[in-house]
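# Descriptive structure summary
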Amino acid sequence: MSNLKMKEAALIYLDRSGGLQKFIDDCKYYNDSKQSYAVYRFNILVNPSDIVELDAELGNHILHKPLKAAQVFQSVCFTAVKTLSLIGQLQTETQINIVLKLTHLPPLRSYILDLCEFPLDYASQRFYMMQGIVIAMTTVTKYTQGARFLCSDEACPLSKGFQYIRVHVPGATESATVRNDFLCNLCSSSLQEDRKFRVLGDKQIVEIITAKALHAFRGYSKTQPFRFQSLTIFLRDESVSKMNIGNEYKIIGIPTCVKTSQTAVCIEANSIISCNPKVPSGISDNFRYLLSLTSSSCWKFTAILANIFASQIVPPGTYNLLKLCLLMSLVQTSDRNKELKDCLDILIITSDTLLVDRLLNFSINLVPRGIRHPVSTEIFPTLSRNKYGTGAVSIQAGSALLAKGGICFIGDLASHKKDKLEQLQSVVESRNITVYIPGKKFGDGVNQQMTFPIQCSFWSFVDMDSSSRKNMQKTNTLIGQMDCSLIPTNLLEAFGLLIKCNESSPCSPLLSTVQHTLKKAIDPEGQLYVASKKFTTEDFEKLLAFAKNLNVEFSLEAERMIHGYYLASRRIRTDSISGSKLSASALKYLVSLAEAHARLNLRSKVLKEDALIAALLFETSLTLKYGATVFCVAPNAVFPFELYNEEYLEQRDIYLTQCQEQLQQFITTYGPGTALFTSDE
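Throughout, residues of each chain are indexed from 1 in the direction in which the sequence is written. Thresholds applied to this predicted model are a pLDDT of at least 70 for local features of residues and 80 or more for the giving and counting of side-chain atom pairs; totals over whole chains, interfaces and linings are not thresholded and use all residues. Side-chain measures here rest on the full set of heavy atoms in the structure, leaving out hydrogens and waters.

### Brief notes about the overall build of the chain
As a reminder, the rule being used: A run of H or I in DSSP counts as a helix once it spans at least four residues, and a run of E counts as a strand once it spans at least two, with each numbered from the N terminus. Remark: exposure states derive from per-residue accessible area (1.4 Å probe, protein chains only) relative to the maximum for the residue type, with buried under 20%, exposed over 50%, and partly exposed in between.
The helix and strand tally for the chain stands at 21 helices and 23 strands. Out of the 681 residues in the chain, the part that is buried amounts to 52%.

Here is the structure:
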């Protein structure tokens, strides 16, 4: 009676939810097909909450005994097929393969599988929900959805028909579905597969890690040590190719134990949901008050942010140019599983690699996807053999794909070999990486290739005082040009921003840095400055999280200034021998810089003041690469004065206003529509 009641509830649910009509449509497809099938597969979308309200026992079966629940729906569907004459070729109930697709699970702790907890439950054979980031995936291979077996004894009644049907169930291996030692229940003769009725499906294996595990890929963690391991997910049929490396997903599935060379816990995926983090509601009160105080200027707020940023690492007022660029790069990151178009790559030339390394390492910890690349691993995807013996090759993510939507800090360029730097240059230019899969080494002999978008910003630095550099000094550098002989020319051009960061410069006084280092050595956890107490690391995290989710648009003035500067700069940096020194991506970087400055100001519109900062930063970078031009920008143009008080901020505003007038004059003289441009240009 209990079973009958559940079947009635299943039929009522199918009717109310529209599942019955979909089932009838699927049956029509099978019935109209001229192909003969041993197994008819149907997906049924199930909302557990609606089922529980309709019939608690059936709901309990779906959540805790999904295989038995599938049998209930199988019986209902078989009855519907026979009653309504939906599929003429169908003979037995076992030919119907029902796959229940859950929309969600109850938001209760007992239904969540935490990848950091031990032991994992893989014996209950029920649904769990887990969340993780994809770090590896295989190519798509085939598996057996279902097969027909016949008794080998022709005199046996079961040597015909569809009495012996085997279908894949969650957690089963290929040998559990198809092998040669099955026996007939009637005469004990061996069973033989009727191969022409074998039904194949697509299969893919992915590995995920919990988002908490990304702390292991940073220079240091604020949390206590914890255990984590990757978890293997089996995707089948409709779920194949729905997950991308680097993205974060919620997965509903059934844990199971798979025995390879080692026993491993795996998940048979049922449903996949893309994760989109909540957008922060606002910023701290201290930052809100600071924003109101500086509302009369388009430059003061970001200047103060750069001045006080990372006071745990360097004293306020030092490395302001670098800190501003880091903040602008950070607000161009994204927490969502969407394409990141506006990357800001930064290459730093410095004499104090230790301090710069600490500063960059501190900064990447302010965004969810800040990855410090370990030198012993690979930046980009690599290939390995799949440990589950499916014949597919496994593609491992690498640091760049793990940093999707964030920052990939690759450390000192000198620590990477020449071939890796060439690969980095190609990726920075094209924003994608192609992985070639040799068929002879992996797979069935057919060569394959897969292309992955690289959606992160790269940070790196070069030691300007390295011994090899001292022996390779160039004597023919132009005014303002930096000796970059140790950096491959193409790689240097590929990076959007080149920054010279010198501890002995006026903006980075050496004495205050030494004093800061000594005090931090004595009291590592101490807050040495008032700014550190008023504007904490958490405040900066909230500010960045809010700013990077702002949707910004260009004002007409800003758009004209960006395009005018780009065309004018391209014009004066073009010669008849080597052509233009500005690539097409230069305009993209200028736009990204202007957007970043507007976001950092918590504005939704890009103004001409933002365009000026973008032009000054970009021109400073160009000067370091190629030398100065008629639009001569001082190395400290963005921060011409040390920011001690409001008076100095006012002086900076006056100076930047003068720079804006000079930029406008430069555009008027060399930009589009001037006599210097030919009709072709």
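### Some remarks on the confidence of the model for the chain
Counted only if it meets this: Known as pLDDT, the predictor's confidence for each residue is given on a scale from 0 to 100. By definition in these notes, contact holds between two residues if any of their heavy atoms fall within 4.5 Å.
This prediction gives the chain a mean pLDDT of 86; 88% of its residues lie at or above 70. Residue range residues 504-508 is modelled with pLDDT below 50. Its contacts to residues more than four positions away, or to other chains, number 10 contacts. Residue range residues 675-681 is modelled with pLDDT below 50. Its contacts to residues more than four positions away, or to other chains, number 10 contacts.

### Comments concerning the layout of surface pockets
Rolled over the atoms, a probe sized like a water molecule indicates the empty space that remains. Filter applied, for reference: Cavity means a closed set of points on a 1 Å grid over the protein atoms alone, one where a 1.4 Å probe fits but cannot get out, pocket means an open set with protein on both sides within 12 Å along at least 5 of 7 lines, and lining means a residue has an atom within 4 Å of a point. Grid points are joined across faces, edges and corners, and a volume is the space filled by probe spheres set on the points. For this classification, the nonpolar set comprises Ala, Val, Leu, Ile, Met, Phe, Trp, Tyr, Cys and Pro, the charged set comprises Asp, Glu, Lys and Arg, and every other residue, Gly included, is treated as polar.
Volume-wise, the largest pocket comes out at about 680 Å³. Residue lining of the largest pocket: 28 residues in total, with Asn97, Ile98, His168, Val169 and Pro170 positioned closest to the centre. Going through the elements one at a time, helix 5 (66-84), strand 2 (96-102), strand 4 (141-151), strand 5 (164-167) and strand 10 (263-274) are the ones with two or more residues in the lining of the largest pocket. Ranked by residues supplied to the lining of the largest pocket, first place goes to strand 2 with 6 residues. Classifying every residue of the lining of the largest pocket by side-chain character gives 15 nonpolar, 8 polar and 5 charged.

### Examining the environment of Gln229
Relative to the assigned elements, Gln229 resides in the loop between strand 7 (199-209) and strand 8 (231-236). Sequence separation between Gln229 and Glu117 is 112 residues, and the spatial gap between their C-alpha atoms is 9.8 Å. Sequence-distant contacts of Gln229, that is, excluding residues within four places in its chain, are made with Leu115, Ile208 and Ile209.

### Some words on the side chain of Thr138
Along the chain, Thr138 falls in strand 3 (residues 128-138). With residues up to four places along the chain from it excluded, the contact list for Thr138 reads Gln204, Ile205, Asn386, Ala392, Val393 and Ser394.

### Quick word on the nonpolar core
This is how the line gets drawn: Residues grouped as a nonpolar core are buried Ala, Val, Leu, Ile, Met, Phe, Trp, Tyr and Cys residues, joined through side-chain atoms within 4.5 Å.
Counting 148 residues, the largest nonpolar core has Met130, Ile233, Leu322, Phe458 and Tyr565 as the members making the most contacts within it. At 11 residues, the largest contribution of residues to this core is made by helix 20 (residues 608-626). Not counting the four nearest positions on each side in its chain, Ile233 is found in contact with Met130, Gln204, Ile205, Val206, Ile208, Ile251, Ile267 and Ala269. Judged by nonpolar contacts, the second largest core, of 40 residues, contains Phe23, Val46, Val76 and Ile96.

### Concerning the packing of aromatic side chains
Heads up, the condition is: Think of it this way: a Phe, Tyr or Trp ring, Trp meaning its six-membered ring, pairs with another when their centres are within 6.5 Å, and the plane angle makes it stacked under 30 degrees, edge-to-face over 60, tilted otherwise.
According to the stated counting rule, one finds 19 aromatic pairs in the structure shown. For the ring pair Tyr37 and Tyr40, a centre distance of 5.5 Å and an interplane angle of 50 degrees mean the geometry is tilted. Assessed through its relative accessible area of 0%, Tyr40 is described here as buried. Pairing Phe409 with Phe461 gives two aromatic rings, centres 6.2 Å apart and planes at 45 degrees, and the pair type is tilted. Remark: Phe461 occurs in strand 18 (residues 457-463) and Phe409 occurs in strand 15 (residues 407-412); sequence separation between them is 52 residues. Given a relative accessible area of 0%, Phe409 falls into the buried group.

### What about helix 20?
The cut-off we apply is this: Given the number of residues in a helix, its expected span is that number minus one, multiplied by 1.5 Å.
With 19 residues, helix 20 should reach 27 Å at 1.5 Å per residue; the first-to-last C-alpha distance of 26 Å fits that figure. Counting buried positions along helix 20 yields 18 of 19 residues, so the element is predominantly enclosed. One or two steps after helix 20, the chain reaches Gly627, where phi turns positive at roughly 100 degrees.

### Brief notes about the sheet that holds strand 19 (residues 497-501)
Basically, it comes down to this: A strand pair is defined by DSSP finding two or more bridges across the two strands. What counts as an axis is a line fitted to C-alpha atoms, over the stretch in contact for a helix, and the angles between N-to-C directions run from 0 to 180 degrees.
The strand order 12-15-18-11-19 describes an open sheet built from 5 strands, whose pairing is parallel. If you trace the sheet from one side to the other, it starts and ends with strand 12 (370-372) and strand 19, each paired once. With direction set aside, neighbouring strand axes in the sheet form an average angle of 20 degrees. Note: strand 15 against strand 18, 4 bridges, orientation parallel. Bridge assignment links Cys408 to a residue of strand 18, and that residue is Phe458.

### Description of the pattern of salt bridges
Any two side chains of opposite charge can pair, given that their charged atoms come close. Rule in force here: Only one rule defines a salt bridge in this text: a Lys or Arg side-chain nitrogen within 4 Å of an Asp or Glu carboxyl oxygen.
Applying the stated criterion across every chain, the model contains 19 salt bridges. A salt bridge links Lys605 to Glu553, with the shortest nitrogen-to-oxygen separation between them at 3.8 Å. Here the residue Lys605 occupies a position in strand 23 (residues 605-606), and Glu553 occupies one in strand 20 (residues 553-554), the gap between them amounting to 52 residues. A salt bridge links Arg573 to Glu619, with the shortest nitrogen-to-oxygen separation between them at 2.7 Å. Linking Arg573 in the loop between helix 18 (556-572) and strand 21 (574-575) with Glu619 in helix 20, this pair joins segments that are 46 residues apart in sequence. Of the two residues examined, Arg573 and Glu619, each falls in the buried class. Each of Arg41, Asp237 and Glu238 takes part in one network of salt bridges that share partners.

### Quick word on helix 12 (residues 418-430)
What counts, and what does not: Arc, as used here, means the arc of the directions from the helix axis to the C-beta atoms.
When the terminal C-alpha atoms of helix 12 are compared, their 19 Å separation across 13 residues agrees well with the 18 Å that a helix rising 1.5 Å per residue should span. Residues of helix 12 that are buried: Leu421, Leu424, Gln425, Val427 and Val428. Projected down its long axis, helix 12 carries its buried residues within an arc of 170 degrees, all on one side. Those residues of helix 12 that are buried are in contact with strand 15, strand 16 (432-437), strand 18, helix 14 (489-494) and helix 19 (585-600). Backbone geometry just after helix 12 places Arg431 at a positive phi near 60 degrees.

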